[in-house]
Amino acid sequence: MNILNKKLKQPCVMVCVTPQQSCQRLIEAGARIAKREKMPLAVVSVFRESKGLNANEGGALETLFDCAGKYNASMDVYFSDSPVLTVAVSAKKKNAATLVTGFPAEGSSGFIARIHEILPELPVTMVDENSSEYKIIPMDKSETEKAKELNITSVH
């Protein structure tokens, strides 16, 4: 059987969290989007395999797991030293229709930009500390081609 022809799961809203209780706002934002779009909610967290999990992170993770359960969301926890690739593969396997993340702080790791490079067709919603949402919406390929053809004289 060719796994590429396998029927995809129902699209979902996927939320990426880190082991911080403040990430509850990300799950709540994802739940709002999932309700509006009539999709299931999935939560994912990736820990660096080389660092493991400490007691503080374990407590925060338990809080996030409880929060996910409140919205009937599945929650997957992975240990990987390639978190971007792990999230991208998980998003494909779960058929994520949108990805919800925190808003990157100054000096961030570039996680969102790298996810966007790997999955340019996947919309990303970033949520700041005030629960405001900012979206990265994929451009239509034809729009990208039109933009490449623009030159200084074609802009009025």
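Let me sum up the structure you'll find in this document. What you see is a predicted model, and the numbers here were worked out from it, not measured in a lab.

## Some words on the sheet that holds strand β1 (residues 12-17)
Here six strands make up an open sheet; going across it, the order is β3-β2-β1-β4-β5-β6 and the pairing mixed. Both edges of this open sheet fall to β3 (74-79) and β6 (133-136), since each of them pairs with a single strand only. Taken over all neighbouring pairs, the strand axes of this sheet differ in orientation by 25° on average, direction set aside. Alignment of strand β4 (residues 96-102) against strand β5 (residues 124-127), held across four bridges, turns out to be parallel. Each bridged residue has a counterpart across the sheet, and for Gly102 the counterpart in β5 is Val127. Against the sheet, helix α3 (residues 83-93) contacts β1, β2 (41-47), β3 and β4, and its axis sits at roughly 160° relative to β2. In this fold helix α4 (residues 111-118) packs onto β1, β4, β5 and β6, with an angle of close to 165° to the strand it touches most, β4.

## Some remarks on a nonpolar patch on the surface
The grouping of Leu53, Val77 and Phe79 at the surface amounts to a nonpolar patch, some 240 Å² of accessible area in total. Here Leu53 lies in the loop between β2 and α2 (55-70). Given a relative accessible area of 41%, Leu53 falls into the partly exposed group.

Calculation notes
Residues numbered from 1 in each chain as written. Predicted model: local features only at pLDDT ≥ 70, side-chain atom pairs only at ≥ 80, totals over all residues. Heavy atoms only, no water. Pairing = 2+ DSSP bridges. Helix = DSSP H or I, 4+ residues; strand = E, 2+ residues; numbered from the N terminus. Axes fitted to C-alpha atoms, helices over the stretch in contact; angles between N-to-C directions. Contact = heavy atoms within 4.5 Å. Patch = residues over 30% accessible without salt bridge, like charges linked within 9 Å, V, L, I, M, F, W, Y side chains within 5 Å. Areas by Shrake-Rupley, 256 points an atom, 1.4 Å probe, with all protein chains shown as cover. Salt bridge = Lys/Arg side-chain N within 4 Å of Asp/Glu carboxyl O. Buried < 20%, exposed > 50% of the residue type's maximum accessible area, 1.4 Å probe, protein only.

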